Amino acid sequence: MTAHDPHQLLDAAGGLPEAAPPWTGRDRLRITAVRAIVTAPEGIPLVVVRVDTSEDGLYGLGCATFTQRFAAVVAAVTEHVAPLAIGRHPADIEDLTRLVHYSSYWRGGPVLNNALSGLDQALWDIAGKRAGMPVHELLGGRSRAGVEVYTHASGPSIDATLAQAEQQIAAGYRNIRLQVGGKGLGTYGAPGTRNGYPGTPHPDGWDPEEYLRTVPRLFEAARERLGDSVNLMHDVHSRLTPKQAIVLARALEPYHLAFLEDVIAPEFYDRLPEVRAASPVPIAVGEQVGSVTGAARLIRTGAVDLLRLHTSAIGGLTPTRKVVAMAELSGVRTAFHSPGDITPVGVAANLAVDISTPAFGYQESHEYNDATHEVFPGTPVVSSGYLHPSDQPGWGVDLDERAAAGFPPTYQLFERWAAQVRKPDGGLEAP
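As a starting point, this report considers the structure included with it. For clarity, every value in this text was computed on a predicted model and none was experimentally measured. Every chain begins its residue count from 1, and numbering advances along the sequence as written. In view of the model being predicted, local features appear only for residues whose pLDDT reaches at least 70, and side-chain atom pairs are presented and counted only at 80 or more, with totals across whole chains, interfaces and linings using the full set of residues. Note that water and hydrogens are dropped before the side-chain values are worked out from all heavy atoms of the structure.

1. What to know about helix H5 (residues 158-170)
So, step 1. The helix and strand labels rest on DSSP assignments: H or I over at least four residues marks a helix, E over at least two residues marks a strand, and numbering proceeds from the N terminus. Helix span, as expected, comes to 1.5 Å for every residue beyond the first. Spanning 13 residues, H5 covers 19 Å between terminal C-alpha atoms, matching the ideal 18 Å at 1.5 Å per step.
So, step 2. Among all positions in H5, only Thr-161, Leu-162, Ala-165 and Gln-168 are buried. Here the buried residues of H5 occupy an arc of 110° about the axis, which is enough to place them on one side. Along H5, the residues that are exposed and aim more than 90 degrees away from the buried face are Gln-167 and Ala-170.
So, step 3. Contact between two residues is taken to exist if any of their heavy atoms lie within 4.5 Å; hydrogens are not considered. Contact partners of the buried residues in H5: strand S4 (147-155), strand S5 (175-180) and helix H6 (208-226).
So, step 4. Positive backbone phi, at 110°, marks Gly-172, one or two positions downstream of H5. Per-residue accessibility, obtained with a 1.4 Å probe over protein chains only, is compared with the maximum for each type, and a residue is labelled buried under 20%, exposed over 50%, and partly exposed between these values. Starting at the helix axis, one direction is taken to each C-beta atom, and the arc is that of these directions.

And the structure:
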């Protein structure tokens, strides 16, 4: 038998071996199935991974939502992750997640990491259920009573945006991200105006110079109307050059933003330390990071004040808790990504970290519709600007597969919108 014989890697039953020689007295609990479920109760494809075990009724759920490439994630779970996990003990979270990560040779990226996240988070759910404890208690318990969230106010005009913000303040929110529409259809987080640039090659385009003039006016009006007692944020959504990002940050200095988000595209993150050093406003970046090493690099290089991970995109809870420990020791706080394209299971995973880490800063929130609550019993609910993790074992969030089947995924409208985000001259911009 040669040194490269693949059968050397298999046990007598043809399955993957334990992480170490079998421990005396270890129970025979095993993973029996790993599968992906896709549902879209709000029209946004959400991916959940369910891991079943040999113990009747013991299963776990994990978020694997890369909504723009959900079919690719499903294929990765089905064809590549499941065969590696079936037959293994669900307690070996660290070993299993490392195995999945290394097994692709060319590793990382949002497709593979979301598939990995689905497995990882489901194993943590199982661990909590086996222990009879919520996951946050497995991570060390509470370091705060609740998780303060921020919400979003947007509109086609400054007045409409601030009117919505006033409603949110009345509902108990103290942290609000403001976005305003404008000329063209490429505006982010707010409705734009068709034919904003008549006579140009692309009259529905988006102009960065117009944007740089409009945003400071939005926040000047916001402070006059909303006062100083509310924390305000803004998302650039990666649209600016490094120098433009600095110009915007300095223009916003008088309005004391809690943070300025995603100021430049991921392709230029090597310039983030330069931007942050010149910015009087805290910089929040990370939702487009597709690896744990990429997230760690943002901390190590002094590129961020707040780390905005889409936690499933870096592989789930296991790598996230390691990066957050690094953030704590570096004076960086968290502000995890959590819009409508994350499952309630993913929200529960975010909350488990938020509630337990001293590095917590803010948590993005999304108020799910009634259909989502039907599909995901136990979906976390914002109350007076706060979220609270469930006290039930595991995540405390379940999945009704019959209800989920009633909301099949459709073509993602985001992809169509991304194709039209262009400057008035027709040049394609980052969505």
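2. Digging into the nonpolar core
So, step 1. In plain words, nonpolar cores are sets of buried Ala, Val, Leu, Ile, Met, Phe, Trp, Tyr and Cys residues tied together by side-chain atoms within 4.5 Å. Of all hydrophobic cores here, the largest spans 108 residues; its most connected members are Leu-178 and Leu-260.
So, step 2. For Leu-178, the contacting residues outside a window of four places in its chain are Ala-153, Thr-161, Leu-162, Ala-165, Leu-218, Phe-219, Ala-222, Leu-232, Met-233 and His-234.
So, step 3. In terms of nonpolar packing, the next biggest core, distinct from the first, is built from eight residues, Tyr-150, Met-233, Ala-258 and Leu-306 among them.

3. As for the pairing of strand S10 (residues 333-336)
So, step 1. By definition, two strands form a pair when at least two bridges between them are found by DSSP. In this structure, strand S9 (residues 306-307) lies alongside S10, joined through two bridges in parallel fashion. In the sheet register, Leu-307 faces S10, and the bridge partner there is Thr-334.
So, step 2. For the segment spanning S9, helix H10 (residues 317-330) and S10, crossover handedness is right-handed.
So, step 3. Of the strand pairs in this sheet, S10 and strand S11 (residues 360-364) are connected by three bridges, and their pairing is parallel. Looking at the pairing, Thr-334 lines up with Phe-360 of S11.
So, step 4. Each parallel crossover has a hand, and the one from S10 via helix H11 (residues 344-356) to S11 is right-handed. Crossovers are described as right-handed under a simple rule: with the strands pointing away from the observer, the path leading from the first strand over the helix to the second runs clockwise.

4. Focus: the pattern of salt bridges
So, step 1. Within this document, salt bridges are pairs made up of a side-chain nitrogen of Lys or Arg and a carboxyl oxygen of Asp or Glu, the two lying within 4 Å of each other. Counting across every chain of the model gives 22 salt bridges.
So, step 2. The partner of Arg-225 in a salt bridge is Asp-159, with the nearest N and O atoms 2.7 Å apart. Of this pair, Arg-225 sits in helix H6 while Asp-159 sits in helix H5, and the two are 66 residues apart along the sequence.
So, step 3. On the accessibility criterion, Arg-225 (35% relative accessible area) is partly exposed.
So, step 4. Here Glu-261 and Arg-308 are joined by a salt bridge, their closest N and O atoms 3.0 Å apart. Placement of the pair is Glu-261 in strand S7 (residues 259-261) and Arg-308 in the loop between S9 and H10, with a sequence separation of 47 residues. Side by side, Glu-261 and Arg-308 carry an identical accessibility label, which is buried.
So, step 5. Salt bridges here are not isolated pairs; linked through shared partners, they connect Arg-177, Asp-235, Glu-261, Glu-287, Arg-308 and Glu-364.

5. Some words on the environment of Leu-116
So, step 1. With respect to the helices and strands, the residue Leu-116 is situated in helix H3 (residues 110-131).
So, step 2. Overall, Leu-116 belongs to the buried group, its relative accessible area being 6%.
So, step 3. For the pair Leu-116 and Gly-43, spaced 73 residues apart in the sequence, the C-alpha separation amounts to 24 Å.
So, step 4. Discounting residues that sit within four places of it in the chain, Leu-116 has contacts with Thr-97, Val-100, His-101 and Gly-315.

6. Some remarks on the layout of surface pockets
A water-sized probe, rolled over the atoms, reveals where empty space remains.
So, step 1. One number sums up the size of the second largest pocket: a volume of about 320 Å³.
So, step 2. If you list the elements that add at least two residues to the lining of the second largest pocket, you get helix H2 (93-103), H3, helix H9 (292-300) and H10.
So, step 3. With five residues, the single largest contributor to the lining of the second largest pocket is H2. Any residue with an atom within 4 Å of a point lines the site, the site being either a cavity, points on a 1 Å grid over the protein atoms alone where a 1.4 Å probe fits but cannot get out, or a pocket, an open set with protein on both sides within 12 Å along at least 5 of 7 lines. Grid points are joined across faces, edges and corners, and a volume is the space filled by probe spheres set on the points.

7. Describing the packing of H2 against H3
So, step 1. Packing of H2 against H3 brings their axes to within 10 Å, and their N-to-C directions diverge by 170°. With respect to H3, the element H2 is oriented roughly antiparallel. Between H2, through Ile-93, Leu-96, Thr-97, Val-100 and His-101, and H3, the contact on the second element is made entirely by Leu-116, Leu-119, Asp-120, Leu-123, Trp-124 and Ala-127.
So, step 2. Taken together, the residues that form the contact of H2 with H3 break down as eight nonpolar, two polar and one charged. Lines fitted to the C-alpha atoms define the axes, with helices restricted to the stretch that makes contact. Angles between their N-to-C directions range from 0 to 180 degrees. Should an angle lie under 35 degrees it is considered roughly parallel, over 145 roughly antiparallel, and from 65 to 115 roughly perpendicular; all remaining angles are considered oblique. Classification used: nonpolar for Ala, Val, Leu, Ile, Met, Phe, Trp, Tyr, Cys and Pro, charged for Asp, Glu, Lys and Arg, polar for all others including Gly.

8. Considerations on H10
So, step 1. Helix length check: H10, at 14 residues, gives a terminal C-alpha distance of 20 Å against a target of 20 Å (1.5 Å per residue), a fit within 8%.
So, step 2. Listing the buried residues of H10 in full gives Leu-317, Thr-318, Pro-319, Thr-320, Val-323, Val-324 and Ala-327.
So, step 3. Phi for Gly-331, located one or two positions after H10, is positive at around 75°.

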